[in-house]
Structures are given as C-alpha cells and as structure tokens.
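# Observations on chain architecture
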Amino acid sequence: NRHFSQFDLTMMESIGSQAGIAIQNAHLFAEVNQLAVTDPLTHLYNRRYFFNLARVELERARRYGHQLSIIMMDIDLFKRVNDTYGHLAGDETLVSLADCVRSNLRQVDLPARYGGEEIVILLPETDLTSATTTAERLCQAIHDLRVPFNGDFISVTVSVGVASLQGQQITDVSKILDQADQALYIAKENGRTRVVVYPQ
C-alpha cells in the first residue's frame, strides 16, 4: 500500500529522461554506422565495405575449401536515361534496379554499388555454375523491370560478368573482381544485355 512520494516521482522522471537520451544516442549511433557502410542512394553496401567483407569471405573460402563467386554488372547505355529523362530519373532507375537485385538474391549474398551504374555481388558458397544461373536470373529480372517516372516507364538492361574462385589459388579478392570485370567488358563488346563467364 506504499504511495510514491514527490521525491520518488522526481527520481523516476530523471531516470526516464536519462534512459530516453541513451536510447536516442543508440539509434543515432546505429544510423551513423549504417551510413558509413552503405551507398546513400541505393542503400546497397558501398565499395569500401564490400572489399572488407569480400576479403573475409575469400579467406574463409580458401581456409575451408568452399566455393566463392562474384557477379559484376553495368547498366547498358545509362547515359541515355539521364539525357532523355534527367538525372532524377537516373537516380530513380538506380534505386529500382538495386531493389530488384536485392529481391533476387539470397540473404547471405552481398550486393554493393561499385561505381556510378556498376553493381558487384559477392556470392559465398556458390560455384561458377550456380553463380551463372543467378546472373542470368538477375539479367532477366532487370530486363523485365519497368521504372515509373512522370507518367512514363523507363526500361534498362545490364551486361554481366561472372568469375569464381573455383579451381584457382587466389589470395587477393581484386583478382576475382578483375576477372569478373574482364567478362563484363566482353559482354559489352559482344552487344550488351548478356552474361559472360570468365574464362570464356
């Protein structure tokens, strides 16, 4: 039957106030951490954080003899989107494409914005055949994507390069990235809107 005194109420208000500040600070800290590792437009991982994660995954794959693959994609003729519809439309297209990529990947896959209109995806525990299947599914999903903008719909396609650790003694993730990039270049040279696997 004890009643709270004015002192008790004052103490609880003080504790509640401090707890509120602590919770707000925790939310701000989490937000800052998230901003540090993600691209602000697409909310994909940024390039620097991708490299950090990729190095860890490569070391794990080498140590335990697991598979690891990388997909690199670039939007075909993206400049035409900006020139035709404006840069805001280009941003909307990038956001929609990033959402499409995320929705077609496993939770363990790591997509990142690698450059302006270039996206790279790390696929842990994935051999070259499975990575190629994933790349082809992404290529088709993006081909089918329609981005609404000012009463119109924007369509884009991607060229895709795929590379894998499979059968290689690679110690630097940049080597696999370079292989995926070479495959992507060949896809561009051979008419775009296609998946090319390294080595051909």
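Refer to the structure presented above.
A short tour of the structure in this document, coming up.

### So, the overall build of the protein chain
- Within the protein chain, the regular secondary structure consists of six helices and seven strands.
- Ordered by position in the sequence, the α and β elements of the protein chain form the string α-α-β-α-α-β-β-α-β-β-β-α-β.
- Since a compact globule built from 200 residues should have a radius of gyration of about 16 Å, the 23 Å found for the protein chain marks it as more spread out than a globular shape.
- Considering only C-alpha atoms, the protein chain reaches an extent of 80 × 50 × 25 Å along its principal axes.
- Relative to its full complement of 200 residues, the protein chain shows a buried share of 41%.
- For the protein chain, the proportion of contacts with a sequence separation of at least 24, taken over those separated by at least 6, is 69%.
- Per element, the accessible surface of the protein chain, about 11,700 Å² overall, is 52% carbon and sulfur.

### Overview of the pairing of strand β6 (residues 158–164)
- Along β6, seven of the seven residues are buried, which leaves the element largely enclosed by surrounding structure.
- Of the two faces of β6, the one holding Val158, Val160, Val162 and Ser164 and the one holding Ser159, Gly161 and Ala163 are both buried throughout.
- Here strand β1 (residues 68–75) pairs with β6 via seven bridges, running antiparallel. Pairing of isoleucine 71 across the sheet is with valine 162, part of β6.
- Bridge count between β6 and strand β7 (residues 195–197): three bridges; the pairing is parallel. When the bridges of β7 are listed, valine 160 appears paired with valine 195.
- Taken together, β6, helix α6 (residues 173–189) and β7 form a β-α-β motif whose crossover is left-handed.

### Overview of helix α5 (residues 128–144)
- With 17 residues, α5 extends 24 Å from end C-alpha to end C-alpha; this agrees with the ideal 24 Å at 1.5 Å per step.
- Along α5, the positions that sit buried rather than exposed are Ala131, Thr132, Thr134, Ala135, Leu138, Cys139, Ala141 and Ile142.
- Contact partners of the buried residues in α5: β1, α4 (87–103), β3 (118–124), β6 and β7.

### A closer look at the nonpolar core
- Counting residues in hydrophobic clusters, the biggest one holds 30 residues, and the most contacted among them are Ile71, Met73, Val101 and Ile121.
- Elements with a minimum of two residues in this core: β1, α3 (78–85), α4, β3, α5, β4 (147–149) and β6.
- Not counting residues up to four positions away in its chain, the partners in contact with isoleucine 71 are Ile119, Val120, Ile121, Leu123, Ala131, Thr134, Ala135, Leu138, Val160, Gly161 and Val162.
- Counting residues in hydrophobic clusters, the runner-up holds 21 residues, among them Ala54, Leu68, Val120 and Ala163.

### Points about the environment of glutamine 182
- Looking at where glutamine 182 falls in the secondary structure, it is placed in helix α6.
- Distance from glutamine 182 to valine 196, taken between C-alpha atoms, is 9.1 Å for residues 14 residues apart in sequence.

### Considerations on the layout of surface pockets
- Taken as a whole, the largest pocket encloses approximately 170 Å³ of empty space.
- Classifying every residue of the lining of the largest pocket by side-chain character gives four nonpolar, four polar and three charged.

### Concerning the packing of aromatic side chains
- One pass over the structure, following the stated rule, counts three aromatic pairs.
- Ring centres of tyrosine 45 and tyrosine 49 lie 5.0 Å apart, and the angle between their planes is 50 degrees; on these two criteria the pair is classed as tilted.
- The class for tyrosine 45 is partly exposed, based on a relative accessible area of 27%.
- Seen from their ring centres, phenylalanine 51 and tyrosine 114 are 6.3 Å apart, and the 40 degrees between their planes marks the pair as tilted. In this pair, phenylalanine 51 is assigned in helix α2 (residues 47–64) and tyrosine 114 in the loop between β2 (110–113) and β3, connecting sequence segments 63 residues apart. Each member of the pair, phenylalanine 51 as well as tyrosine 114, carries the same accessibility label: buried.
- When the ring centre of tyrosine 114 is taken as origin, the NZ or CZ atom of arginine 47, which lies over that ring, is 4.0 Å away.

Rules used throughout
- Residues numbered from 1 in each chain as written.
- Predicted model: local features only at pLDDT ≥ 70, side-chain atom pairs only at ≥ 80, totals over all residues.
- Heavy atoms only, no water.
- Helix = DSSP H or I, 4+ residues; strand = E, 2+ residues; numbered from the N terminus.
- Rg over C-alpha atoms; globule rule 2.2 N^0.38 Å.
- Buried < 20%, exposed > 50% of the residue type's maximum accessible area, 1.4 Å probe, protein only.
- Contact = heavy atoms within 4.5 Å.
- Areas by Shrake-Rupley, 256 points an atom, 1.4 Å probe, with all protein chains shown as cover.
- Pairing = 2+ DSSP bridges.
- Right-handed = clockwise from strand over helix to strand, strands pointing away.
- Expected span 1.5 Å × (residues − 1).
- Core = buried A, V, L, I, M, F, W, Y, C linked by side-chain atoms within 4.5 Å.
- 1 Å grid on protein atoms, 1.4 Å probe; cavity = no way out; pocket = protein on both sides within 12 Å on 5 of 7 lines; lining within 4 Å.
- Points joined across faces, edges and corners; volume = space filled by probe spheres on them.
- Nonpolar A, V, L, I, M, F, W, Y, C, P; charged D, E, K, R; others polar.
- Phe/Tyr/Trp six-rings, centres within 6.5 Å; stacked < 30°, edge-to-face > 60°.
- Lys NZ or Arg CZ within 6 Å of the ring centre and 35° of its normal.

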